[in-house]
Amino acid sequence: MTTAKLTQATKHWDIFCTVVDNYGDIGVTWRLAKQLAAEYHIPVNLWVDDLHSFSHILPSLNPALRQQTFNSVNIFQWNNPLDISYVAGSVVIEAFACELPEQVKSVIDKLHNQAQSVAPHWLNLEYLSAEDWVDGCHGLPSTQPSGIKKWFYFPGFNRKTGGLIREKNLFNERDQWQANPNNKMALFKQLGLRGIHVDDTVVSVFSYESPALTALMAQWQTLAKPIHALIPKGRSLTSVAPLLPVDVNDLMPGQQFKMGNLTLHILPMTDQIGFDRLLWSCDFNIVRGEDSFLRAQWAAKPFIWHIYPQEDDYHLVKLQAFMRIYCDNLAAEISTAWCEVNLAFNQGDQQAVVNYWQQLHSVILPLQQHALNWPNNALNDADLASRLVQFVKNS
Ligand SMILES: Cc1cn([C@H]2C[C@H](O)[C@@H](COP(=O)(O)OP(=O)(O)O[C@H]3O[C@@H](C)[C@H](O)[C@@H](O)[C@H]3O)O2)c(=O)[nH]c1=O
């Protein structure tokens with residue numbers, strides 16, 4: 001085994017992440033790692049099994065390197081078996097129930113057997129869900145065969161959960177950005193998007209495949225006012241393919257297609273800061289998974305959530321749970337239009353998505369106001385990183 005020793009103080013945290021598919025698992029852990037390093041000055045090692053996927057959302061990352069540092073976070077290539085020796089710090093986070101390497105588990109067990117106080121806190125960071133049962137499961141321990149406890153940490157939307165990832169200055173930065181329309185126009189230009197006027201409607205589209213998207217695009221061509229759809233190369237474009245004159249595989253960022261009053265722009269992928277700014281700059285965002293779903297909320301703009309599909313349509317239960325809390329206290333005509341457009345998009349119902357998009361348009365002003373108020377409600381005073389640091393102190 002080649003060993004590149006980690007030479008740092010032992011108070012570091014390790015976060016282990018396997019990329020299941022797409023960018024969500026690495027997206028969430030990368031956000032958390034950056035925030036812990038920047039705001040709490042915690043040395044963080046982020047172990048990732050697929051640096052190539054990671055490089056899509058961190059373009060300056062070199063997937064060939066075993067070890068590199070960005071934003072003060074040490075990023076390690078996680079090979080199996082581990083070929084960089086693990087030195088225990090104060091916390092180990094296994095993200096989304098990824099199985100820790102045997103070498104790591106045996107070091108943790110050994111330390112626990114020597115003296116319980118020297119073993120790192122072992123946490124499993126779970127997926128975000130607005131379902132009620134999360135309140136009762138957040139913070140529960142599971143005793144491992146060696147006797148050490150592994151703690152289950154559930155993000156969530158209320159005080160009984162682990163909270164939501166949100167950097168300390170994010171809302172200030174967003175407000176400053178949105179206060180001056182020159183910022184969005186400069187960003188569009190920097191992204192190579194041409195022909196967007198300051199009053200045009202701009203929608204970002206980062207979804208999975210859905211026939212509902214094809215129907216929406218067809219409808220947008222007939223709208224009275226110019227509308228721009230910004231779509232990165234990837235899964236959404238598969239659903240747009242029937243409308244395009246070229247093969248989706250040949251598309252390049254910067255290309256654009258005008259169809260009636262709709263202009264479709266092929267977006268380059270950017271790092272997470274660039275992605276956040278894009279969401280802040282659009283009038284409406286279609287997002288997916290976990291991290292872009294949360295960032296669309298933080299953008300304070302109306303959105304559709306294309307939730308990650310699960311077996312037996314379980315994702316629709318999760319969608320309903322979120323819709324319940326998002327629409328609490330919303331007037332019936334707004335909540336109906338918003339919930340139905342989300343359901344139709346997720347169920348691929350072409351007729352319904354077009355009908356409810358029109359209805360949504362008629363309540364867009366109060367919906368925008370709701371989107372503006374929502375982030376502070378959702379946050380419940382404390383973000384995930386601050387609750388997590390406190391949780392570790394208390395456990
Ligand atoms: C388009 C774009 C996205 N991103 C980032 C934002 C997010 O961190 C990340 C996308 O992650 P998500 O929105 O979560 O969607 P996602 O669909 O990519 O990710 C996931 O969803 C989870 C629920 C699943 O469990 C995962 O296995 C995974 O599939 O990509 C950029 O940084 N730049 C870009 O240009």
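Residues numbered from 1 in each chain as written. Predicted model: local features only at pLDDT ≥ 70, side-chain atom pairs only at ≥ 80, totals over all residues. Heavy atoms only, no water.

Per an unreviewed UniProt entry, the chain goes by Protein-arginine rhamnosyltransferase and derives from Shewanella algicola. Within the UniProt record for the chain, the comment given under Sequence similarities (unreviewed entry) is "Belongs to the glycosyltransferase 104 family." Taken directly from UniProt, the Catalytic activity (unreviewed entry) text for the chain runs: "dTDP-beta-L-rhamnose + L-arginyl-[protein] = N(omega)-(alpha-L-rhamnosyl)-L-arginyl-[protein] + dTDP + H(+)". (UniProt positions renumbered as here; feature names shortened; annotations may be inferred.)

### Some words on the overall build of the chain
Helix and strand counts for the chain come out as 15 helices and 14 strands. In terms of overall dimensions, the chain is globule-like: its C-alpha atoms have a radius of gyration of 22 Å, near the 21 Å expected for 395 residues. When its C-alpha atoms are laid out on the principal axes, the chain stretches across 70 × 45 × 40 Å. In the chain, which comprises 395 residues, the share counted as buried stands at 55%. Here the analysis covers contacts within the chain between residues at least 6 apart in sequence; of these, 68% occur between residues at least 24 apart. Accessible surface, the chain: about 17200 Å² in total, of which carbon and sulfur atoms supply 51%. (Helix = DSSP H or I, 4+ residues; strand = E, 2+ residues; numbered from the N terminus. Rg over C-alpha atoms; globule rule 2.2 N^0.38 Å. Buried < 20%, exposed > 50% of the residue type's maximum accessible area, 1.4 Å probe, protein only. Contact = heavy atoms within 4.5 Å. Areas by Shrake-Rupley, 256 points an atom, 1.4 Å probe, with all protein chains shown as cover.)

### Some points on the pattern of salt bridges
All told, the structure shown has eleven salt bridges when counted by the stated rule. For Arg 66, the salt bridge identified is with Asp 83, shortest N-O distance 3.9 Å. With Arg 66 in the loop between α2 (51-57) and β3 (67-70) and Asp 83 in the loop between β4 (73-77) and β5 (91-95), the pair connects residues that are 17 residues apart, well separated along the chain. For Arg 66, a relative accessible area of 33% gives the class partly exposed. With a shortest N-O distance of 2.8 Å, Arg 295 and Glu 167 are connected by a salt bridge. Linking Arg 295 in helix α10 (residues 291-298) with Glu 167 in the loop between β8 (149-153) and α5 (170-179), this pair joins segments that are 128 residues apart in sequence. (Salt bridge = Lys/Arg side-chain N within 4 Å of Asp/Glu carboxyl O.)

### Brief notes about the nonpolar core
Soluble, globular proteins show a tendency: their nonpolar side chains are buried together. Core analysis: the biggest nonpolar cluster contains 81 residues, and Met 217, Trp 220, Leu 264, Ile 286, Phe 322 and Trp 338 have the highest contact counts within it. Looking at this core, the element that brings in the most residues is helix α12 (residues 332-347), giving eight residues. Built from parts of two domains, this core gets at least three residues from each of domain 1 (13-163 + 381-394) and domain 2 (170-379). Residue contacts for Ile 286: discarding those within four places in its chain leaves Val 203, Ser 204, Val 205, Phe 206, Ser 207, Leu 213, Leu 216, Trp 220, Ile 304 and Phe 345. Counting 38 residues, the second largest nonpolar core, distinct from the first, contains Ile 26, Leu 61, Ile 75 and Leu 125. (Core = buried A, V, L, I, M, F, W, Y, C linked by side-chain atoms within 4.5 Å. Domains from an automatic or database assignment.)

### Some words on the pairing of β3
Side chains of β3 alternate between two faces, with Gln 68 and Phe 70 buried and Gln 67 and Thr 69 left unburied. Of the pairings in the sheet, the one linking β3 to β4 comprises four bridges and is antiparallel in character. Along β4, the bridge assignment pairs Thr 69 with Asn 74. (Pairing = 2+ DSSP bridges.)

### Describing the site of the ligand
By nearness alone, 22 residues border the ligand, and Asp 21, Tyr 208, Thr 270, Asp 291 and Ser 292 come closest of all. Take Gln 272: an N or O atom from its side chain is 3.0 Å from an oxygen atom of the ligand. One nitrogen or oxygen atom from the side chain of Ser 292 is found 2.5 Å from an oxygen atom belonging to the ligand. Looking at the shell around the ligand, the elements that each hand over two or more residues are α1 (24-40), α9 (272-281) and α10. Ranked by residue count, the leading element in the shell around the ligand is α1, at three residues. Its residues placed into classes, the shell around the ligand shows nine nonpolar, seven polar and six charged. Split by domain, the shell around the ligand shows at least three residues from each of two domains, domain 1 (13-163 + 381-394) and domain 2 (170-379). (Near = heavy atom within 4 Å. Polar contact = N/O pair within 3.5 Å; in protein donor to acceptor, adjacent residues only side chain to side chain. Nonpolar A, V, L, I, M, F, W, Y, C, P; charged D, E, K, R; others polar.)

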